[in-house]
Amino acid sequence: AVASVAELRRWYLHEKRPLSAAEARALRSDPRKGVAQLLQQLEQRHAQREAERRRQAALLQAESALWAQGCSRVAGVDEVGMSPWAGPIVAAAVVLVAGPPSSQWRLPAGVRDSKQIPEPERERLAEILRSAVFTWAVGSASPAEIARFNVYHAGRLAMRRAVAALRPRPDALLVDAREIPGFDGPQTPIVRGDGASLSIAAASILAKVARDRYLRGMEARHPGYGFASHKGYGTAVHREALRRHGGTPEHRWAFDAVRKAAGTVETEASQASLPFAPVVA
């Protein structure tokens, strides 16, 4: 029996069954308009997959150079949350695959700089990445540590913690725009690395999702500040909340803008010593 157009769409579009050369020839000779539309959709999907394959391959050049040097486990490292007024800096370290991948290996489509991805899509990609990559880990630096070390060095501290948590240990690092102290293997700083390296892009997604989840928890602990929406950034809503309620121990009192927005010098809350607590993704 000849399959209906609805059956063909279910098989090849929704269930994503592979289309053999013989099946493709049969569909091309089918006179039905719906079959012609299905073939067009399948060709478009194939073109999109090929474009994504080429894009991902281009973003593996830095990894490939290290694989060629014998470094099997190459970790991409990135941090998020350097400029917000509240919450930790969070970093992630990701080893996509142990050694050069096979030609069939793929990450989910759309892995790129987390800032270019809408929040629901970031959450979806992060869930897939956690099980798809070889290994990953997250680390953070608290507002108290930002005050103690300054924001730049606290960012490096969060990165170092993420790398230290990787199991097994990475052979080499690709780092977004800096180097990480205390790592004795090769590491390559890449300016705007989340747009140039697939490993760093994956790390940016996992770090961003972990930090956003932490900020949603902050909203529950400190209601009235809007942490779940502005994620600690210095928005007008955040500034008004600081003016009305004062600050919390999660605020970065080392930032002049925070003290100014709160309309106060350091308060008891700001002086609280916050112990480091790893962010759980």
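Described in the following lines is the structure provided in the data block.

## A short note on the sheet that holds strand β5 (residues 187–190)
Working step 1: One open sheet accounts for five strands, arranged β3-β2-β1-β4-β5; its pairing is mixed. Across the chains shown, the open sheet's two edge strands, defined by having one partner strand only, are β3 (135–141) and β5. Along the sheet, successive strands turn relative to each other by an average axial angle of 20°, direction set aside.
Working step 2: The pairing of strand β2 (residues 89–98) with β3 spans seven bridges and is classified as antiparallel. If you follow Ala91 over to β3, its bridge partner there is Gly139.

## Observations regarding the environment of Arg221
Working step 1: Turning to its location among the elements, Arg221 is positioned in helix α8 (residues 198–221).
Working step 2: With 156 residues separating them along the chain, Arg221 and Ala65 place their C-alpha atoms 46 Å apart.
Working step 3: Arg221 has contacts with Tyr214 and Glu250, leaving out every residue within four places of it along the chain.

## Details of the pairing of strand β1 (residues 73–80)
Working step 1: β1 sits mainly inside the fold: seven of its eight residues count as buried.
Working step 2: Pairing geometry for β1 and β2, over seven bridges, is antiparallel. Bridging from a neighbouring strand, Arg73 pairs with Ala98 of β2.
Working step 3: Both β1 and strand β4 (residues 172–176) contribute to a ladder of four bridges, which runs parallel. Within the sheet, the bridge partner assigned to Val74 lies in β4 and is Ala172.

## Details of the pattern of salt bridges
Working step 1: A full pass over the atoms with the stated rule returns 21 salt bridges.
Working step 2: Among the salt bridges present, the one from Glu79 reaches Arg178, with a minimum N-O distance of 3.2 Å. Taken together, the positions of Glu79 in strand β1 and Arg178 in the loop between β4 and β5 put the pair 99 residues apart, joining distant regions of the chain.
Working step 3: Looking at Arg178, the relative accessible area reads 11%, which means it is buried.

Calculation rules
Residues numbered from 1 in each chain as written. Predicted model: local features only at pLDDT ≥ 70, side-chain atom pairs only at ≥ 80, totals over all residues. Heavy atoms only, no water. Pairing = 2+ DSSP bridges. Helix = DSSP H or I, 4+ residues; strand = E, 2+ residues; numbered from the N terminus. Axes fitted to C-alpha atoms, helices over the stretch in contact; angles between N-to-C directions. Contact = heavy atoms within 4.5 Å. Buried < 20%, exposed > 50% of the residue type's maximum accessible area, 1.4 Å probe, protein only. Salt bridge = Lys/Arg side-chain N within 4 Å of Asp/Glu carboxyl O.

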